[in-house]
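Coordinates in review
Spelled out from the first residue to the last, the chains are:
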Amino acid sequence: MYHSNWLLCVLCVPFIVSASFVPKDSFFIDCGGSKTLKLDDGRVFKPDSGNPYVGLSPNSHIVISGNKMGKSNESILYNSARVFKDTSTYKIKTREVGRHWLRLHFCPVENPHYNLKSAVFSVKANGFLLLHGFSLSKSGKKSCLFKEFIFEGGGSSSEKLVLTFVPSDGSIAFINVIEVLSVSEWQFPSEAVSVPLGPAIDIPTHVAFETAYRINMGGPLLTPKNDSQWRTWEPDQSFLVNAAAARNVSVNPSLVKYFYGVSEEIAPNWVYATAQEMADANIQYQRFNISWAFEVEPMFTYLIRLHFCDIVSTSLDTLFFNVYINNQSALESFDISSKTMELSTAYFVDFVTNVSVVSNRILVQVGPSNPRYSSTNAILNGLEIMKMSNPSDSLVRNPRPDSKTPTPKKWVLLAVTSSVGFVVLVLISAALYLYLRHPKKPRQQSSVWLPLDIHVGNSDSKVSGGSFASTSHSLSPGHVIAFSEIREATKNFDKRLILGVGGFGKVNIVEWAMNWKKRGQLEKIIDPHLVGSVNLESLLKFGETAEKCLAEFGTDRPTMADVLWNLENALQLQEASIQNVSVENTANHIPDIPEWAPQIETAEGDGADSIIYQESDTITASGQFSQSMDPRGRYSARGSL
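Before going into details, it helps to say that this report is about the structure given with it. Since the model is a prediction, treat every value here as computed from it, not as a measurement.

Looking now at the overall build of the chain. A tally of helices and strands in the chain yields 11 helices and 29 strands. When the 641 residues of the chain are sorted by exposure, 51% land in the buried category. Carbon and sulfur atoms make up 53% of the accessible area of the chain, which amounts to about 30,500 Å² in all.

This brings us to unusual backbone geometry. A negative phi angle characterises most non-glycine residues, just as the trans form characterises most peptide bonds. In this structure, the amide linkage connecting Ser 57 to the following residue, Pro 58, adopts the cis form with an omega of -15°. Within the element layout of this structure, Pro 58 appears in the loop between strand 4 (54-57) and strand 5 (63-65). With an omega of 0°, the peptide bond between Val 195 and Pro 196 qualifies as cis. For Pro 196, the location among the structural elements is in the loop between strand 15 (191-195) and strand 16 (201-202). In the Ramachandran plot, Asn 326 falls in the positive-phi region, its phi being about 50° despite a non-glycine side chain. Tracing the sequence through the fold places Asn 326 in the loop between strand 24 (321-325) and strand 25 (328-334).

So, on to helix 9 (residues 536-549). Because the α-helix completes a turn every 3.6 residues, residues three or four places apart line up on one side. Between its first and last C-alpha, helix 9 extends 20 Å over 14 residues, near the 20 Å set by a 1.5 Å rise per residue. For helix 9, the set of buried residues is Ser 538, Leu 539, Lys 541, Phe 542, Gly 543, Thr 545, Ala 546 and Cys 549. Where helix 9 begins, one side-chain oxygen reaches toward the backbone nitrogen of Glu 537, 3.0 Å away; that side chain belongs to Asn 535.

With that settled, consider the sheet that holds strand 24. Spatially, 22-27-24-25 is the arrangement adopted by the four strands of the open sheet, whose pairing is antiparallel. Two strands close off the open sheet at either side, each with one partner strand: strand 22 (290-295) and strand 25. On average, each strand axis in the sheet is inclined to that of its neighbour by 10°, with strand direction left out of account. Where strand 24 meets strand 25, four bridges bridge the pair, whose relative direction is antiparallel. Across the sheet, Tyr 324 pairs through a bridge with Ser 329, a residue of strand 25.

Another point: the state of the cysteines. On inspection of all chains with the given rule, the structure shows one disulfide. At a sulfur-sulfur separation of 2.0 Å, the disulfide partner of Cys 107 is Cys 144. Placement of Cys 107 in the loop between strand 8 (98-106) and strand 9 (121-125) and of Cys 144 in the loop between helix 3 (136-139) and strand 11 (145-153) is noted, with a sequence separation of 37 residues between them. A residue is classified by how much of its surface remains accessible, and Cys 107, at 11% relative accessible area, is buried.

What follows covers the packing of helix 8 (residues 508-518) against helix 9. The N-to-C vectors of helix 8 and helix 9 enclose an angle of 120°; their axes lie 11 Å apart at closest approach. Accordingly, the angle class assigned to the pair helix 8 and helix 9 is oblique. The crossing of helix 8 and helix 9 is left-handed. Seen from helix 8, the contacting residues are Met 514, Lys 517 and Lys 518; seen from helix 9, they are Leu 540, Gly 543, Glu 544, Ala 546 and Glu 547.

Another point: the packing of aromatic side chains. Where two aromatic rings form a pair, the distance of their centres and the angle of their planes describe that pair. Evaluated as defined, the whole model comprises 23 aromatic pairs. Between the aromatic rings of Phe 121 and Phe 174, the centroid separation amounts to 5.8 Å while the plane-to-plane angle is 70°, which identifies the pairing as edge-to-face. Here the residue Phe 121 occupies a position in strand 9, and Phe 174 occupies one in strand 13 (residues 173-175), the gap between them amounting to 53 residues. Here Phe 121 matches Phe 174 in class, with each residue buried. Clustering of aromatic rings is evident, with ring pairs tying together Phe 259, Phe 308, Phe 321, Phe 334 and Tyr 347. The lysine or arginine in question, Arg 103, covers the ring of Trp 101, its NZ or CZ lying 5.1 Å from the ring centre.

With that settled, the discussion passes to the pairing of strand 26 (residues 345-355). As a general feature of sheets, a regular strand has side chains that alternate between the two faces. Strand 26 sits mainly inside the fold: 11 of its 11 residues count as buried. Residues Thr 345, Tyr 347, Val 349, Phe 351, Thr 353 and Val 355 point to one face of strand 26 and Ala 346, Phe 348, Asp 350, Val 352 and Asn 354 to the other, with burial holding for every one of them. Summarising the sheet, strand 15 and strand 26 pair through three bridges and their orientation is parallel. Note on strand 26: the bridge partner recorded for Val 193 is Phe 351. Judged from the two bridges that link them, strand 20 (residues 257-258) and strand 26 form a sheet pairing that is parallel. What sits directly across from Lys 257, in strand 26, is Thr 345. Direction of pairing for strand 23 (residues 300-308) relative to strand 26: antiparallel, over a ladder of nine bridges.

A separate point is the sheet that holds strand 19 (residues 246-250). One open sheet accounts for three strands, arranged 19-21-28; its pairing is antiparallel. One side of each edge strand has no neighbouring strand; the edge strands of this open sheet are strand 19 and strand 28 (379-380). Here strand 19 pairs with strand 21 (residues 274-278) via five bridges, running antiparallel. Counted as the bridge partner of Arg 247 is Glu 277 from strand 21.

Counting through the fold element by element, Arg 305 comes out in strand 23. The exposure class assigned to Arg 305 is buried, which follows from its relative accessible area of 4%. A distance of 2.6 Å separates polar atoms of two side chains, one belonging to Arg 305 and the other to Asp 350. Ignoring sequence-local partners within four residues, the contact set of Arg 305 consists of Gln 187, Phe 188, Pro 189, Ile 266, Phe 348, Val 349, Asp 350, Gly 382, Leu 383 and Glu 384.

Before going further, it helps to examine the pairing of strand 14 (residues 177-182). In terms of burial, strand 14 is a largely internal element, six of the six residues being buried. A two-sided burial pattern is seen for strand 14, the buried positions comprising Val 177, Glu 179 and Leu 181 on one face and Ile 178, Val 180 and Ser 182 on the other. The pairing of strand 1 (residues 26-30) with strand 14 spans five bridges and is antiparallel. The partner of Phe 28 across the bridge, within strand 14, is Glu 179.

Of all the positions in helix 8, only Val 510, Ala 513, Met 514, Trp 516 and Lys 517 are classed as buried. Down the axis of helix 8, the sector holding all buried residues measures 155°, keeping them to one side. For helix 8, exposure combined with an orientation more than 90 degrees from the buried face picks out Asn 508, Glu 511 and Lys 518. A positive phi of about 75° marks Gly 520, the residue just after helix 8.

Calculation criteria
Residues numbered from 1 in each chain as written. Predicted model: local features only at pLDDT ≥ 70, side-chain atom pairs only at ≥ 80, totals over all residues. Heavy atoms only, no water. Helix = DSSP H or I, 4+ residues; strand = E, 2+ residues; numbered from the N terminus. Buried < 20%, exposed > 50% of the residue type's maximum accessible area, 1.4 Å probe, protein only. Areas by Shrake-Rupley, 256 points an atom, 1.4 Å probe, with all protein chains shown as cover. Expected span 1.5 Å × (residues − 1). Polar contact = N/O pair within 3.5 Å; in protein donor to acceptor, adjacent residues only side chain to side chain. Pairing = 2+ DSSP bridges. Axes fitted to C-alpha atoms, helices over the stretch in contact; angles between N-to-C directions. Disulfide = S-S within 2.5 Å. Parallel < 35°, antiparallel > 145°, perpendicular 65-115°, else oblique. Left-handed = near helix turned anticlockwise from the far one by under 90°. Contact = heavy atoms within 4.5 Å. Phe/Tyr/Trp six-rings, centres within 6.5 Å; stacked < 30°, edge-to-face > 60°. Lys NZ or Arg CZ within 6 Å of the ring centre and 35° of its normal. Arc of directions from axis to C-beta.

So yeah, pure geometry; function would need other evidence.
As structure tokens, then:
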């Protein structure tokens, strides 16, 4: 539980600039403002007009102000905005070479002439596409929205931050506040651990990032007042899959020490002073995970930074736990104190993972490494998830046509696309079959940071086993299958093996496969000769891709690039299972509560009703032991956490 004597002061702690890093570039720009505004957290915002370091071309003289004028400088700051009817560009003269924080604030100031809530526009920075078709109405935000990016820039007088706003046809663009700050050289890694596990993945400096989540586990909301880099950290409660599995713990932030290479620029001591640990299930062997789920945009690579600080142990080398990302093993038997050599010392680990087209979330879990230890626990103090720009220098997926009414021509396209999708699936399955029958020696691969390349046909593809931490052979799009191999796989083109005839073919086999998928038994379609050799998660990826290809409407079907990207993903999962990278250590393979687990009885107390919590859909167990899965299944008021 929190110590009230210091926790209540979390929002009133004065801002302190870290002595180890002072940014050379620190621009706080009030777009459309008329005077300098100093906030309580130490930031000083200056108007964009008349600023020698800020230029606007062409100059937009449309500045709107709202009617709700507050007394604080912060309310005044967000009460005005600069509006653009045409493409307009800010040029900010940065002085330092390297990465910079770029923070954009959008607040829909009410105005009778311009409806900022319905404005649709795009934003670019130094050639990177940051936002496309952006609108507050589409985002579902009724109030202000904050976007944070990281990019490389700065240097000589000719090298500036070029920030361009492009209104959509018939619409406008607007901006309230712009922040640009230098990033310390040790803030972002040059490489990170790949998930699934494999060779380290390089992260070049020219890659741009977008902050998706910045979470303070087990603690309160942290505002820019509490962060030397003026960042905001959200509480984690809304992201917990099963809140009953976790219990928050905290210490006085002054007790937190910083390990070599870790500083307050990485994360403030407020983050490391709180954590979520495993709740007490009141059973002999605790065999469950704490899980957090985060919705993300698919088809991108993400940098995931996990913050650790052992504030629960009383001695070194007593806390061992596992970490999983998207049901893949990330850290095994991890001991924080073995890295820091002290308790209550800050530490962090960076990971890189790809999110496929059929998934839109990142699942992070911590759990005991060996449930049979007399003392089992797992903790997490903080988390950051950052989207990485793709090879097209974009942080936005390419937009697709928005049409929901299939015309006669589109019905033909539907049939062709469905047939092509199925043919692709069959061909890849045949290739996988040949691969399993004729395994080849693994080849040496260099680690590559980039996400899977969606440029079909590019012989210089960035796709490699390193992208998914696989050390086995990767079947690239340019792989050549010999005619003799195809003839062998089809038994000399035996007519009995034909799946369909004609442009549309017989789709009975598709319906048969989709029927098994809907019943959750897709493994039933596996060839008897391959049973036990096919990774079920890989097979599910195949099935989901094929099902999307058969969607009725074009907007619901993936592009061929998406199909190839997803099939490569499935193949990587298959290769990873062959190498036994994570089969025995994933969260999916943590056994259920054993049937001999003791029954949890209601504790004797004052007669208060038992508290039953909803089970997580991530961890499965029989109904007989549902209370064991909920660490607080039948606690009385006296025994509650």
